[in-house]
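What follows is the residue order along each chain.
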Amino acid sequence: MTRHKHAFLGALSALLPILAACGGGGDGGIDVAGGTILQNATVVNTRDGSLAAGMNVHVEGGKIRRITSQPLRATGGAQAIDVSGKYVVPGYLDMHAHAVESADRDPPYWPMMLASGITGFREESDSPANMERGKVLNQDSAAGRVLAPEVIFHGGEAHLNPTISARDASNAGAPSFDHLGAGWGLLMDCSSEEQTLRPAALAGSLKPPFPPTFVTNPRAYDGAQNAPFYQRILDTYDEAKCVELSKLFAKNGTWQTLTLIRLRTQDYGNDAQYRNDPNLVYIDKSTRAIWQQVGDQFAKLPASAVTTLQQFYELQKRVSKLMKQNGVKIMAGSDFSGDMSIWLVPGVSLHQEFRELASAGFSPLEVLQMATRDPAEFLGRQSSLGSVEEGKDADLVVLDANPVADVANLDRISAVVLKGRYLSGAALGKMKADAAAAIARQ
Ligand SMILES: [Zn+2]
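Residues numbered from 1 in each chain as written. Predicted model: local features only at pLDDT ≥ 70, side-chain atom pairs only at ≥ 80, totals over all residues. Heavy atoms only, no water.

- By the naming in an unreviewed UniProt entry, the protein goes by Imidazolonepropionase-like amidohydrolase and is assigned to Pigmentiphaga kullae.

Set out below in structure tokens:
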């Protein structure tokens with residue numbers, strides 16, 4: 001191409017926005033006749049954390065129609081919201097939850113999830129009845145009959161079968177593991193005594209695969225009984241084996257949904273920050289009573305058992321970071337499961353997961369990616385999810401502060417856009433207050 005043509009195209013492309021603007025209304029803006037415009041937003045790029053300030057984002061019909069620095073002017077039925085000083089990221093995806101089975105509870109979990117920025121969640125309980133419920137919920141949500149995050153089914157709970165190694169499961173094509181395999185899980189593969197410990201555990205009195213326990217019945221709490229076994233795994237941890245395992249996961253494309261908060265609440269079952277969590281007002285009274293009983297049981301554990309459990313959790317965090325450093329792909333998930341998951345409040349627990357991920361050594365951008373871009377890739381839905389771009393689903397979170405500067409800013413939710421529908425902070429606050437009031441009346 002000649003230099004002349006270059007110059008011509010350059011001049012033409014400079015003119016185009018002006019022509020478009022003139023076509024829109026004559027004073028430099030573009031008329032928008034429907035949907036919602038977020039004006040003067042700072043859009044966060046989930047690929048590299050870069051920020052695009054001064055952007056106007058038009059959403060309509062469930063999609064992001066336009067993102068531009070040109071003025072957009074609301075006409076007709078469109079509404080414009082000034083979000084100056086605020087940051088726009090994709091809606092969060094909680095990649096491990098059990099919420100659909102409790103969908104008909106009063107109040108349901110959706111207000112808390114939406115108010116926490118969750119616009120979609122991977123439902124792990126995929127019985128035919130639950131899948132039907134999820135389908136109906138998604139239809140009702142799409143039709144505007146109910147405000148709820150999208151239910152995503154993508155295979156059931158991915159625990160590691162305790163009889164086989166994580167290495168073999170990965171080589172056999174397991175797409176992902178949850179909770180680091182649950183129980184001793186994949187840390188068994190990192191033990192220098194793996195060849196003798198695994199058969200010993202399976203032959204012995206240990207209750208695989210859930211110690212220190214996924215507790216539903218406080219009387220069944222077996223943390224003390226299984227602590228010596230966990231201590232053996234701690235004592236024989238071989239980091240070189242763990243690096244090798246991580247590289248194998250990376251090569252095989254074996255993803256991880258860590259659910260660190262789920263692991264921590266089990267290992268710190270009597271922690272005052274959980275027992276006195278003000279968010280417990282969003283949990284029904286019978287569930288709260290069960291959790292307090294489990295906390296009481298935890299308080300009776302011998303100090304040595306508690307130390308073992310908590311050291312095991314620290315090792316799980318260390319291994320999480322090690323896996324990422326060696327190329328393993330990781331997603332954020334809470335494992336919120338109603339009364340089954342001690343101290344986990346819907347929505348709030350995903351924010352707690354963000355902080356646990358940060359304390360494991362992940363950057364704020366990495367944490368944001370684990371809840372947006374990475375799940376989109378895992379689900380094969382990059383064309384509609386995972387970033388704030390034209391043509392993608394209008395599922396957005398508007399934040400009061402920069403999420404790539406501090407992981408705590410991922411909690412600072414100003415508003416949520418659900419399938420193009422703008423939910424203000426006041427609207428979200430009312431949804432939460434209504435949920436708490438319904439529980440208080442129980
Ligand atoms: Zn689960």
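Moving on from the model shown.
### Focus on the overall build of the protein
Phase 1 of the analysis: The helix and strand tally for the protein stands at 15 helices and 16 strands.
Phase 2 of the analysis: With 442 residues in all, the protein has 55% of them scored as buried.
Phase 3 of the analysis: Once local pairs closer than 6 in sequence are excluded, the contacts in the protein between residues at least 24 apart make up 74%.
Phase 4 of the analysis: Only carbon and sulfur atoms are counted for the fraction: they give 53% of the accessible area of the protein, which is about 17600 Å². (Helix = DSSP H or I, 4+ residues; strand = E, 2+ residues; numbered from the N terminus. Buried < 20%, exposed > 50% of the residue type's maximum accessible area, 1.4 Å probe, protein only. Contact = heavy atoms within 4.5 Å. Areas by Shrake-Rupley, 256 points an atom, 1.4 Å probe, with all protein chains shown as cover.)

### Considering the pairing of strand E9 (residues 118–123)
Phase 1 of the analysis: Taken across its six residues, E9 has six buried, putting it largely inside the fold.
Phase 2 of the analysis: Bridge count between strand E8 (residues 92–97) and E9: four bridges; the pairing is parallel. Bridge assignment links Asp94 to a residue of E9, and that residue is Phe121.
Phase 3 of the analysis: Of the pairings in the sheet, the one linking E9 to strand E10 (residues 150–153) comprises four bridges and is parallel in character. Counted as the bridge partner of Gly120 is Glu150 from E10.
Phase 4 of the analysis: Once the chain exits E9 it traverses helix H3 (residues 128–142) before rejoining the sheet at E10, and the crossover so formed is right-handed. (Pairing = 2+ DSSP bridges. Right-handed = clockwise from strand over helix to strand, strands pointing away.)

### Digging into the state of the cysteines
Phase 1 of the analysis: Using the criterion set out here, one finds one disulfide in the structure.
Phase 2 of the analysis: Between Cys190 and Cys242 runs a disulfide, and the two sulfur atoms are separated by 2.2 Å. Handedness here is read from the sign of the S-S torsion; for Cys190 and Cys242, about 65 degrees, the answer is right-handed. Of this pair, Cys190 sits in the loop between strand E11 (176–178) and helix H5 (194–203) while Cys242 sits in helix H7 (residues 239–252), and the two are 52 residues apart along the sequence.
Phase 3 of the analysis: Relative accessible area serves as the criterion here: at 0%, Cys190 is assigned to the buried category. (Disulfide = S-S within 2.5 Å.)

### Focus on the packing of aromatic side chains
When we look at a pair of aromatic rings, we describe it by the centre distance and by the angle of the planes.
Phase 1 of the analysis: This structure, assessed with the given rule, holds ten aromatic pairs.
Phase 2 of the analysis: A centroid spacing of 5.7 Å and a plane angle of 20 degrees characterise the contact between Trp110 and Phe121, whose relative ring orientation is stacked. In this pair, Trp110 is assigned in helix H2 (residues 110–115) and Phe121 in strand E9, connecting sequence segments eleven residues apart.
Phase 3 of the analysis: Given a relative accessible area of 3%, Trp110 falls into the buried group. (Phe/Tyr/Trp six-rings, centres within 6.5 Å; stacked < 30°, edge-to-face > 60°.)

### A short note on the pairing of strand E3 (residues 51–60)
Phase 1 of the analysis: Relative to E3, strand E2 (residues 36–44) runs antiparallel, the two being bridged by six bridges. What sits directly across from Leu38, in E3, is Val57.
Phase 2 of the analysis: Hairpin connection of E2 to E3: six residues between the antiparallel strands, including Gly49 at a positive phi of 80 degrees.
Phase 3 of the analysis: Hairpin connection between E3 and strand E4 (residues 63–68): a loop of two residues separates the two successive antiparallel strands, and Gly61 in this loop has a positive phi of roughly 60 degrees.

### Details of the pattern of salt bridges
Phase 1 of the analysis: What the rule picks out here adds up to 26 salt bridges.
Phase 2 of the analysis: Note that Lys392 is salt-bridged to Glu389, the shortest N-O span being 3.4 Å.
Phase 3 of the analysis: For Glu389, a relative accessible area of 41% translates into the label partly exposed.
Phase 4 of the analysis: Here Lys419 makes a salt bridge to Asp395, at a shortest N to O gap of 2.8 Å. With Lys419 in the loop between strand E15 (413–418) and strand E16 (421–424) and Asp395 in the loop between helix H14 (373–379) and strand E14 (396–399), the pair connects residues that are 24 residues apart, well separated along the chain.
Phase 5 of the analysis: According to the relative accessible area criterion, Asp395 is buried, its value standing at 5%.
Phase 6 of the analysis: Put simply, Arg167, Asp189, Glu194, Arg198 and Lys241 are held in one network by salt bridges that share partners. (Salt bridge = Lys/Arg side-chain N within 4 Å of Asp/Glu carboxyl O.)

### A few points about the nonpolar core
Phase 1 of the analysis: Counting residues in each nonpolar core, the largest one holds 86 residues, and the members touching the most others are Tyr92, Phe121, Leu186 and Phe354.
Phase 2 of the analysis: Considering every element that reaches this core, the biggest residue donor is helix H11 (residues 303–325), with six residues.
Phase 3 of the analysis: Once residues lying within four places of it in the same chain are set aside, the contact partners of Leu186 are Leu160, Ala166, Phe177, Leu180, Gly181, Leu245, Phe249, Gln256 and Val319. (Core = buried A, V, L, I, M, F, W, Y, C linked by side-chain atoms within 4.5 Å.)

### With respect to unusual backbone geometry
When glycine is set aside, most residues are seen to have a negative phi, and most peptide bonds are trans.
Phase 1 of the analysis: The phi angle at Asp335 is positive, at roughly 65 degrees, despite the residue not being glycine.
Phase 2 of the analysis: Topologically, Asp335 is positioned in the loop between strand E13 (330–331) and helix H12 (348–359).
Phase 3 of the analysis: Exposure remark for Asp335: the relative accessible area of 1% places this residue in the buried category.
Phase 4 of the analysis: Here Lys419, not a glycine, exhibits a phi torsion of approximately 45 degrees, which is positive.
Phase 5 of the analysis: Its relative accessible area of 37% is what places Lys419 among the partly exposed residues.

### Concerning the sheet that holds E10
Phase 1 of the analysis: Overall, parallel pairing links the three strands, which are arranged E8-E9-E10 in an open sheet. Every interior strand has two partners, whereas the edge strands, E8 and E10, have only one. The average angle at which neighbouring strand axes cross in this sheet is 25 degrees, direction not considered.
Phase 2 of the analysis: This element, H12, spans E8 and E9 of the sheet and lies at about 95 degrees to E8. (Axes fitted to C-alpha atoms, helices over the stretch in contact; angles between N-to-C directions.)

### So, the confidence of the model for the protein
Phase 1 of the analysis: Chain-level pLDDT for the protein is 88 on average; 87% of the residues reach the 70-or-more range.
Phase 2 of the analysis: Note that pLDDT drops below 50 for residues 1–25; the model gives that stretch 14 contacts with residues more than four away or on any other chain.
Phase 3 of the analysis: Confidence drops under pLDDT 50 across residues 208–219; counting only partners more than four residues distant or on other chains, this segment forms 43 contacts. (pLDDT = per-residue confidence, 0-100.)

### Comments concerning the side chain of Ser337
Phase 1 of the analysis: Within the secondary structure, Ser337 is located in the loop between E13 and H12.
Phase 2 of the analysis: We classify Ser337 as buried; its relative accessible area is 11%.
Phase 3 of the analysis: In this structure the side chain of Ser337 is engaged in a polar contact, spanning 2.6 Å, whose partner is the backbone oxygen of Asp335.
Phase 4 of the analysis: Those residues within four positions of Ser337 in sequence are excluded, and the remaining contacts are His98 and Arg262. (Polar contact = N/O pair within 3.5 Å; in protein donor to acceptor, adjacent residues only side chain to side chain.)

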